[in-house]
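In case you want the letters, here they are:
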Amino acid sequence: MCGIAGIVDYKSNSASKPVIEAMLRAITYRGPDESGIYISPRAVIGNVRLSIIDISGGQQPLSDPSGRFWIVFNGEIFNYPELREVLIKKGHNFKTQSDTEVLVQLFAKFGKDCLSMLNGQFAFAIWDKLKEELFIARDRIGIRPLFYNITGNVFSFASEIKSLFEQKNISPEFSHKSLSQIYTFWTAITPGTAFKNIFELSPGHYLTYN
């Protein structure tokens, strides 16, 4: 289990390191081994890591060799050795043994089409430094959680809802509609959650923010 969080802000300066640090501290138990943050003028993304694959070399955020694409990733890609071989045959080189690096290079090569190639459970975010564009995706079953908010033209995401509330402009307020669904169906209907303006990325979906 790991945790991810991030903010994209094209206008003001809310995507700051202290805010991401607070968001990651709220979910630090998801990744007690280490943490990392990537900072760009428009976005900040971070990760808390529980080291399983390539313990010494799989630190995040991690980029493709060009430095264009930066990823934070929660999950496991079960068929990453096979996908790694596919990329090697296409001329790709790797500096780690991690499934995270396979995933970011797979996205660099195939874009969103890489999702159909993945066998695993995942929630990940990739920042395209050239296009200044964020891509987030979640596995087909929704095993790994991923939540997001858009407030005042600021997009933020995190593995847990409480992490989003570390931002001063987002306050916890129940959604009466979602609560009625919870009382009826035992859960809010996706993409809704118990809170107003807090949404889950639905299982088997991706989202692009630019």
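Refer to the structure printed above.
What you are looking at is a predicted structure, and each value in this text was computed from that prediction instead of being measured. (Residues numbered from 1 in each chain as written. Predicted model: local features only at pLDDT ≥ 70, side-chain atom pairs only at ≥ 80, totals over all residues. Heavy atoms only, no water.)

Our next topic: the layout of surface pockets. As a volume, the largest pocket reaches approximately 180 Å³. Ranked by residue count, the leading element in the lining of the largest pocket is strand S7 (residues 133–138), at three residues. When the residues that make up the lining of the largest pocket are grouped by side-chain class, the tally is seven nonpolar, two polar and four charged. (1 Å grid on protein atoms, 1.4 Å probe; cavity = no way out; pocket = protein on both sides within 12 Å on 5 of 7 lines; lining within 4 Å. Points joined across faces, edges and corners; volume = space filled by probe spheres on them. Helix = DSSP H or I, 4+ residues; strand = E, 2+ residues; numbered from the N terminus. Nonpolar A, V, L, I, M, F, W, Y, C, P; charged D, E, K, R; others polar.)

As a further point, take the side chain of Asn74. Here Asn74 lies in strand S5 (residues 69–77). Engagement of the side chain of Asn74 in a polar contact is seen with the side chain of Arg144, the distance being 2.9 Å. (Polar contact = N/O pair within 3.5 Å; in protein donor to acceptor, adjacent residues only side chain to side chain.)

Spatially, the six strands line up as an open sheet ordered S2-S3-S1-S9-S8-S10, and their pairing is antiparallel. The sheet is open, and its two borders are formed by strand S2 (34–39) and strand S10 (199–200), each paired with just one other strand. One ladder, built from six bridges, connects S2 with strand S3 (residues 43–49); its direction is antiparallel. Counted as the bridge partner of Ile39 is Val44 from S3. In the packing of helix H1 (residues 17–25) onto the sheet, contacts are made with strand S1 (3–9), S2, S3 and strand S9 (154–158), and the angle to S1 comes to roughly 150°. (Pairing = 2+ DSSP bridges. Contact = heavy atoms within 4.5 Å. Axes fitted to C-alpha atoms, helices over the stretch in contact; angles between N-to-C directions.)

Among the seven residues of S1, seven are classified as buried, and the element is accordingly described as predominantly covered. Side chains Gly3, Ala5, Ile7 and Asp9 of S1 all project onto a buried face; the interleaved residues Ile4, Gly6 and Val8 project onto the opposite face, where all are buried too. Bridging between S1 and S3 involves six bridges; their strand directions are antiparallel. Across the sheet, Val8 pairs through a bridge with Ala43, a residue of S3. (Buried < 20%, exposed > 50% of the residue type's maximum accessible area, 1.4 Å probe, protein only.)

Scanning the entire structure with this criterion turns up zero disulfides. There is no disulfide at Cys2, and the cysteine sulfur nearest it, in Cys114, is 18 Å away. On the basis of relative accessible area, Cys2 is assigned to the buried category, the value being 9%. (Disulfide = S-S within 2.5 Å.)

Just geometry here; none of it tells us what the structure is for.
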